[in-house]
Structures are given as C-alpha cells and as structure tokens.
Amino acid sequence: MFTGILFFAAACCRGVTHVAAVSAFAFLFISFPLSAQYKYGLEPTGYRAYVESLKNHPEKELVDLEKYIPGLVLDIRYATTNNFTGERIYDRAKAYARKPVAEALRQIQAELKKDGLGIKIFDAYRPYKATVKFYEVYRDTTYVASPYSGSRHNRGCALDLTLIELKSAVELKMPTGYDSFTKQAWPSAPVADPLARKNRQRLIQAMEKYGFRVNSSEWWHFDFKGWRDFEVLDIDFEELDRQ
Ligand SMILES: [Zn+2]
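Residue numbering note: each chain is counted from 1, following its sequence as written. Local features are withheld for residues below a pLDDT of 70 in this predicted model, meaning they are given only at 70 or higher, and side-chain atom pairs are given and counted only at 80 or more; totals for whole chains, interfaces and linings count all residues. The side-chain numbers reported here are obtained from all heavy atoms of the structure, hydrogens and water having been left aside.

Explanation requested: the overall build of the chain in the structure shown.
Secondary structure is summarised from DSSP: a helix means a run of H or I of at least four residues, a strand means a run of E of at least two, and numbering begins at the N terminus for each. Counting its secondary structure elements, the chain contains eight helices and seven strands. Type-normalised accessible area, obtained with a 1.4 Å probe on protein chains alone, sets the label of each residue: buried when under 20%, exposed when over 50%, and partly exposed for intermediate values. A burial count over the chain gives 45% of its 243 residues as buried. Carbon and sulfur atoms make up 54% of the accessible area of the chain, which totals about 12600 Å². With residues, only the protein chains shown are counted as cover, and all accessible areas are computed by Shrake-Rupley using a 1.4 Å probe.

Structure follows, in structure tokens:
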C-alpha cells in the first residue's frame, strides 16, 4: 500500500503526463484494493488506534495467554490446515485475549489444577479479516460469525477451549470434536455418554463461575461478560508479537 502511494505521489509531483498519472492511480487500486475486507460495513480498529486506546484503557490490552497463564496448552487450529476451511488462516499459533479475559482464565486454570485438570485453547483473539474469510467459506451464521457485526473473538473476548488432564495433556472426552457444526455440539444437546456429559458440565461450570457464558451452538466457545466494551479489532499476530 505504502509503495503504491509513494509511486502515485511521485508520479504526480514530477509532473509526468496525465496518462502516466492515471496508470499510477490504477496501479494503486488494482494492486491494493482499498479495505476490500471491510465490504460488510464494519470498520474494525487497527493497530495504531488500538495502541492509542491503551493510554486511557489499559484493560484493553491484548495479553499473550501462553505467557500469562503457566501450563496453558495451545492447539491453535487456524494456524494449521486442521480446521473447517482446510486452509491455514493464521501465520502463527498465538492466543491473545483482553486483560480481564486473561485474568479470569488464569483463575480458572488455577482452580482446575487442584483437580488435576488444565485448559487447551483452540482459538482466542481472532483478527477481523479471518472472520470475513470464515463467513465467505461457510455462510451459516449459526456456526460462523456474521462479518456485518463481527465476532466476539474479534473483540478479544471469546475463547474456544476444552479441558485436558494436566499430567498427560490428553483432552477429556466431550460430546463432539472442535468445530463440529452439528446439533450434538449444542451445550443443551442430550448426550448418551455419561462421561462426555459430565466433562461438558465441568467445563461450563468452571467457565461460568468466572464470568463466561457458553455459546448456544458450540460447547467449546465462551464469551466474556462485558464484551460490548471492547472494539472489533483487525490486528495481525505479527503486530502484537512486536509489542
Ligand atoms: Zn469460538
């Protein structure tokens, strides 16, 4: 984008012919379709505005969960091809969340530890452009967020996770796998297997005690209370890692 602007500016400043200037202008837009990912009428907050917002609202900081919560296990599926899109969406396996979300999760992990349990994160903060991609692949807003409103993941206030046995890091049995777009994945769905039912209940209880609410169609997805106070963001993990 920047290169394109420079080229255009240089072409104008040097008084080149009209044709050349028009070509430069076309180059700018053909090469870098401006805000193409924002065609759904939502303009998410970018990195600079996010950093600016931290001056008056330090609670809006996106915290690296792996560093913040000792023993947390990550299995960031969108950084692999093992997800419903079949494509690698993230360029790195990172889990970020806003500070109050991270703090609540730290308390949950500490409480679960007493029972020999831990947490495995499948997804946390998600850049808005990934939400657009999911919608364009799947389109069913029962299971993927609408790009017109954005996801609570985009606000750094939603977590996809499951329980693990702390010692072995093996996942506890649940009614379905992650991102199963079926009615069996609904937290209200009847479960024949008593162990899977018990584990699902344990997870939901642990999360709800610290201010999360389970999604009505995904047992693994939890929204943090107060998510409305946090903007939809479109910041890459690379930018956050540089902080
Ligand atoms: Zn989710």
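How should I be thinking about unusual backbone geometry in this particular structure?
Glycine aside, residues mostly have negative phi, and peptide bonds are mostly found in the trans state. Residue Arg 139 is not a glycine yet carries a positive backbone phi of 70 degrees. Position of Arg 139 among the secondary structure elements: in the loop between helix H6 (128–138) and strand E5 (158–165). On the basis of relative accessible area, Arg 139 is assigned to the partly exposed category, the value being 48%. Of note, the phi angle at Asp 179 is positive, near 55 degrees, even though the residue is not glycine.

How should the sheet that holds strand E7 (residues 218–224) be read in this particular structure?
Hydrogen bonds between backbone atoms are what pair the strands of a sheet, whose relative direction is either parallel or antiparallel. Pairing between two strands requires that DSSP report at least two bridges joining them. Taking strand neighbours across the sheet as the criterion, the five strands line up as E2-E4-E5-E7-E6 in an open arrangement whose pairing is mixed. Every interior strand has two partners, whereas the edge strands, strand E2 (73–74) and strand E6 (212–215), have only one. Where helix H5 (residues 99–113) meets the sheet, it contacts strand E4 (117–123), E5, E6 and E7, and its direction lies at approximately 145 degrees from that of E4. Docked against the sheet, helix H7 (residues 194–208) engages E4, E5, E6 and E7, running at close to 130 degrees with respect to E5. In what follows, a contact means two residues having at least one pair of non-hydrogen atoms within 4.5 Å. Simply put, an axis is a line fit to the C-alpha atoms, just over the touching stretch for a helix, and the angle between two N-to-C directions goes from 0 to 180 degrees.

I keep staring at the nonpolar core and nothing clicks. Help me out?
In a soluble, globular protein the nonpolar side chains are often hidden away together inside. By nonpolar core is meant a set of buried Ala, Val, Leu, Ile, Met, Phe, Trp, Tyr and Cys residues that side-chain atoms within 4.5 Å join together. Residues Leu 65, Leu 105, Ile 121, Leu 159, Leu 161, Met 207 and Phe 212 are the most contacted members of the largest nonpolar core, which totals 61 residues. No other element matches the six residues that H5 contributes to this core. Those residues within four positions of Leu 105 in sequence are excluded, and the remaining contacts are Leu 65, Ile 69, Leu 72, Ile 119, Ile 121, Leu 159, Leu 161, Met 207 and Phe 212.

Looking at this structure, how should I read the coordination of the zinc ion?
Reference values for angles at a metal are 109.5 degrees in the four-donor tetrahedral case and 90 or 180 degrees in the six-donor octahedral case. The protein atoms donating to the zinc ion are His 153 (NE2), Asp 160 (OD), Asp 160 (OD) and His 221 (ND1), with metal-donor distances spanning 2.0 to 2.8 Å. Donor atoms (N, O, S) are those found within 2.8 Å of the metal centre, with the cutoff raised to 3.2 Å for Na, K and Ca; water is not part of the atom list, so apparent gaps in a site can occur. Irregular is the label for any site that misses the other tests, which are tetrahedral for four donors with all angles between 85 and 135 degrees, and square planar for four donors or octahedral for six when opposite donors exceed 155 degrees and the remaining angles lie between 65 and 115. Of note is the zinc ion, whose four donor atoms meet at the metal with angles of 51 to 154 degrees in an arrangement that counts as irregular. Site description for the zinc ion: donor spacing in sequence, H-x6-D-x60-H. We note that His 153, like Asp 160, is buried.

Can you walk me through the packing of aromatic side chains in this structure?
The relative placement of two aromatic rings is captured by the distance of their centres and the angle of their planes. Centre distance within 6.5 Å is the pairing criterion for rings of Phe, Tyr and Trp, where only the six-membered ring of Trp is used; planes under 30 degrees apart are then read as stacked, over 60 as edge-to-face, and the remainder as tilted. Using the criterion set out here, one finds 20 aromatic pairs in the structure. Between Tyr 178 and Trp 220, the aromatic rings sit 5.5 Å apart at their centres with planes inclined by 75 degrees, giving edge-to-face as the arrangement. Remark: Trp 220 occurs in strand E7 and Tyr 178 occurs in the loop between E5 and H7; sequence separation between them is 42 residues. Judged by its relative accessible area of 11%, Tyr 178 is buried.

Which parts of the structure should I look at to understand the confidence of the model for the chain?
A low pLDDT means the predicted coordinates there should not be read in detail. For the chain, per-residue confidence averages 88 on the pLDDT scale, and 85% of positions sit at 70 or higher. Here residues 1–34 scores under 50 on pLDDT; set against residues more than four positions off or in separate chains, the count is 17 contacts. Each residue carries a pLDDT value, the predictor's own confidence for that position, ranging from 0 to 100.

Sorry, what's going on with the pattern of salt bridges here?
Between side chains of opposite charge, pairing is possible as soon as their charged atoms come close. Here a salt bridge means any side-chain nitrogen of Lys or Arg lying within 4 Å of a carboxyl oxygen belonging to Asp or Glu. Following the criterion strictly, the structure yields 22 salt bridges and no others. Taking the shortest distance from any N to any O, the salt bridge between Glu 87 and Lys 133 comes out at 3.0 Å. Residue Glu 87 is located in the loop between E2 and strand E3 (96–98), and its partner Lys 133 is located in helix H6; the two are separated by 46 residues in the primary sequence. What makes Glu 87 partly exposed here is its relative accessible area of 36%. Where Asp 223 meets Arg 152, a salt bridge forms, and the shortest distance between an N and an O atom there is 3.1 Å. In this pair, Asp 223 sits in strand E7 while Arg 152 sits in the loop between H6 and E5, placing the two residues 71 residues apart along the sequence.

What is the right way to read the side chain of Thr 131 from this model?
In this structure, Thr 131 sits in helix H6. Residue contacts for Thr 131: discarding those within four places in its chain leaves Arg 126, Ala 145, Pro 147, Ser 151 and Asn 154.

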